[in-house]
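Survey of secondary and tertiary structure
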Amino acid sequence: MRVSLSWLKRLVQLDSDVDTLAEQLSMAGFEVEEVEDLNSRAQGVVVGYVQERNKHPDADKLSVCTVDVGTGKPLQIVCGAANVRSGLHVPVATVGAVLSAVDLTIKAGALRGVTSEGMICSLSELGLATDSEGIAELDTIVETLPPLGTPVAAMLGLDDAVLELAITANRPDGLSMDGIAREVAAL
């Protein structure tokens with residue numbers, strides 16, 4: 001059973017941190033097999049704005065984009081997505097970001113001779129989809145866009161932790177969020 005900490009907090013008052021909660025649940029008979037920090041999926045990923053998109057000089061399927069991430073100096077990013085275009089707000093993994101969903105660390109480099117200083121991300125690269133057809137277009141995902149350079153974790157629901165619980169046959173009350181919330185309230 002996967003239990004979202006933010007969902008649990010909507011059902012019951014919870015003051016302890018996730019590690020303390022995991023230990024309390026384990027002691028109550030709900031073994032916590034894993035605690036997944038979803039925030040790690042988007043660490044170093046910020047809101048960016050594609051100012052300009054040009055065709056790559058040496059590749060048909062690549063684009064060279066000028067992306068503003070709120071630092072004052074726009075980044076040049078080479079992107080292979082077909083749906084990239086100027087005027088889009090996008091999630092941008094800056095140099096040093098670790099995309100744990102795809103086991104990738106972002107480094108500055110050159111793609112076919114053109115410098116790239118980051119990566120425009122799709123939902124699958126952030127661990128939010130199993131398959132995606134191009135980059136994530138934040139304009140269509142969220143109603144209100146935060147300022148450029150704002151981390152995307154909260155906006156995409158990645159500011160959460162998920163506990164993986166092993167539910168035994170004698171504890172069917174733990175097979176729902178309400179049941180786990182009752183147990184946490186009792187603890």
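Look up: the structure comes first, before these words.
These lines cover the structure that appears in this document, whether it is placed above or below. (Residues numbered from 1 in each chain as written. Predicted model: local features only at pLDDT ≥ 70, side-chain atom pairs only at ≥ 80, totals over all residues. Heavy atoms only, no water.)

Side note on the overall build of the protein
Test applied: Here a helix means four or more residues in a row that DSSP labels H or I, a strand means two or more in a row labelled E, and each is numbered from the N terminus. Exposed residues in this analysis have more than 50% of their type's maximum accessible area, buried residues have under 20%, and partly exposed residues fall in between, with area computed by a 1.4 Å probe over protein chains only. Residues count as neighbours in contact if any of their non-hydrogen atoms are within 4.5 Å of one another.
When you go through the protein residue by residue, the secondary structure sums to four helices and twelve strands. Over its C-alpha atoms, taken along the principal directions, the protein stretches across nearly 65 × 30 × 25 Å. Within the protein, buried positions represent 42% of all 187 residues. At a minimum sequence separation of 6, the contacts of the protein that also span at least 24 residues come to 64%.

Re the sheet that holds strand E5 (residues 75-79)
Strand pairing in a sheet relies on backbone hydrogen bonds, with the paired strands running either antiparallel or parallel. Filter applied, for reference: By the convention used here, strands pair only if DSSP detects at least 2 bridges between them. Only the stretch in contact is used when fitting a helix axis, every axis being a line fitted to C-alpha atoms; angles between N-to-C directions are given from 0 to 180 degrees.
Taken in spatial order, the five strands make up an open sheet running E5-E4-E3-E6-E11, and their pairing is antiparallel. If you trace the sheet from one side to the other, it starts and ends with E5 and strand E11 (118-120), each paired once. Across this sheet, the average inter-strand angle for adjacent strands is 45°, counted without regard to direction. Both strand E3 (residues 45-55) and strand E6 (residues 89-94) contribute to a ladder of five bridges, which runs antiparallel. If you follow Val45 over to E6, its bridge partner there is Ala93.

Here we look at helix H4 (residues 177-186)
Buried within H4 are the following residues: Met177, Gly179, Ile180, Ala181, Glu183 and Val184. Buried residues in H4 make contact with strand E1 (2-4), helix H1 (5-11), helix H2 (18-27) and strand E12 (161-166).

Quick look at the environment of Thr94
When you line up the elements, Thr94 lands in strand E6. We classify Thr94 as partly exposed; its relative accessible area is 23%. Spatially, the C-alpha atoms of Thr94 and Ile141 are 21 Å apart, while their sequence positions differ by 47 residues. Residues contacting Thr94, with those up to four places away along its chain left out, are Gly44, Val46 and Ile106.

A few points about the pattern of salt bridges
Condition: Criterion for a salt bridge: a side-chain nitrogen of Lys or Arg within 4 Å of a carboxyl oxygen of Asp or Glu.
This structure, assessed with the given rule, holds eight salt bridges. Where Glu164 meets Arg2, a salt bridge forms, and the shortest distance between an N and an O atom there is 3.3 Å. Linking Glu164 in strand E12 with Arg2 in strand E1, this pair joins segments that are 162 residues apart in sequence. Residue Arg2 is classed as partly exposed on the basis of its relative accessible area of 45%. One salt bridge in this structure joins Asp173 and Arg171, with 2.9 Å as the shortest N-O distance.

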